[in-house]
Amino acid sequence: RELVHRFWCYCLEKRYCMGNDPFPSVPKKPKSPEKLLASALRPERLSMEEEDKLYHIAINTSSGPNCGVALQLWGGYAAAFACEFCWGDIIWSEDKDYVRVRYYRPNLTGATHDYTCPVFIAGARVLQARYNQLLETYTPVQIDGMPIVSTVRDPHKPLGADALTQ
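What counts and what doesn't
Residues numbered from 1 in each chain as written. Predicted model: local features only at pLDDT ≥ 70, side-chain atom pairs only at ≥ 80, totals over all residues. Heavy atoms only, no water. Salt bridge = Lys/Arg side-chain N within 4 Å of Asp/Glu carboxyl O. Helix = DSSP H or I, 4+ residues; strand = E, 2+ residues; numbered from the N terminus. Buried < 20%, exposed > 50% of the residue type's maximum accessible area, 1.4 Å probe, protein only. Phe/Tyr/Trp six-rings, centres within 6.5 Å; stacked < 30°, edge-to-face > 60°. Core = buried A, V, L, I, M, F, W, Y, C linked by side-chain atoms within 4.5 Å. Axes fitted to C-alpha atoms, helices over the stretch in contact; angles between N-to-C directions. Parallel < 35°, antiparallel > 145°, perpendicular 65-115°, else oblique. Left-handed = near helix turned anticlockwise from the far one by under 90°. Contact = heavy atoms within 4.5 Å. Expected span 1.5 Å × (residues − 1). Pairing = 2+ DSSP bridges.

(A) Inspection of the pattern of salt bridges at higher detail. If you walk through the whole model with that rule in mind, you get 1 salt bridge. The residue Asp97 makes a salt bridge to Arg125 at a minimum N-O spacing of 2.9 Å. Highlighted residues: Asp97 in the loop between β1 (90-92) and β2 (99-101) and Arg125 in helix α6 (residues 121-135), separated in sequence by 28 residues. Since its relative accessible area comes to 37%, Arg125 is described here as partly exposed.

In structure tokens, the structure reads:
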């Protein structure tokens, strides 16, 4: 409908037609105050200073939620996906700055089901710091079954996507 309205305006401007617009544009619905507030609280991009500050907080205070932030910012995963990963899904390499997340989507149609990909260096360092912290208390076999994004108090308990977003 908007396309036809713009075409009618063009025809009027070029004097191909005369008269009232038979296709008035549909007024946009105003956004609710809740949606406006939500969009104001979640910026589309962080500035370099904000991202650096967030990195320093995450690397200096290793925790499950900080790993979730790392997977979101430097891994590109949505909160719901980040909360589903366990430490066994991480593929470590000799280079501490190179970490991959094993991610399979077998329910998709098509040939590709393997979406395993690396995490940016900042995210890899945050994950490595948390893993090393967990190694002080648990064995690697115990850690493999634990969620990466866990609550602050209990590394065995997964954190929900809504809590991570908050």
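Okay, back to it.
(B) Expanded view of the packing of aromatic side chains. A complete count under the given rule lists 11 aromatic pairs for this structure. Each member of the aromatic cluster is reached from another via a ring pair, and the members are Tyr77, Phe81, Phe85, Tyr103 and Tyr115.

(C) Seen up close, unusual backbone geometry. You will see that Arg15, though not glycine, has its phi angle at about 65°, which is positive. Structurally, Arg15 is set in the loop between α1 (2-13) and α2 (33-41). Under the relative-accessibility criterion, Arg15 is labelled exposed at 75%.

(D) Inspection of the nonpolar core at higher detail. With 29 residues, the main nonpolar core has Leu71, Trp87, Leu127, Ile148 and Val149 as its most contacted residues. Put simply, the parts of the chain that give this core at least two residues each are α3 (48-60), α4 (64-73), α5 (79-82), β2 and α6. It is α6 that contributes the most residues to this core, 6 residues altogether.

(E) Structural context of the packing of α4 against α6. The N-to-C vectors of α4 and α6 enclose an angle of 160°; their axes lie 9 Å apart at closest approach. The angle between α4 and α6 places the two elements in the roughly antiparallel class. In this structure, α4 meets α6 at a crossing whose hand is left-handed. Together, Gly64, Asn66, Cys67, Ala70 and Leu71 of α4 and Gly123, Val126, Leu127 and Arg130 of α6 make up the contact between the two elements.

(F) Local environment of α6. Spanning 15 residues, α6 covers 21 Å between terminal C-alpha atoms, matching the ideal 21 Å at 1.5 Å per step. Turning to α6, its buried residues number three or more, namely Ala122, Gly123, Ala124, Val126, Leu127, Gln128, Arg130, Tyr131 and Leu134. In this structure, the buried side of α6 is in contact with α3, α4, β1, β2, β3 (117-119) and α7 (140-144).

(G) Here's a closer look at the side chain of Ser150. Considering the arrangement of structural elements, one finds Ser150 in the loop between α7 and α8 (161-165). Those residues in contact with Ser150, other than ones at most four positions away along the chain, are Gly64, Pro65, Arg130, Pro155, Lys157, Pro158 and Leu159.

(H) Here's a closer look at the sheet that holds β1. Across the sheet, which stays open at both edges, the 3 strands sit in the order β1-β2-β3 with antiparallel pairing between neighbours. A strand with exactly one partner marks an edge of an open sheet, and here the two such strands are β1 and β3. Averaged over all neighbouring strand pairs, the angle between strand axes comes to 40°, with direction disregarded. The pairing of β2 with β3 spans 3 bridges and is classified as antiparallel. Directly across from Val99, in β3, lies its bridge partner Val119. Each of β1, β2 and β3 is contacted by α6, which is oriented at about 95° to β1, the strand it contacts most.

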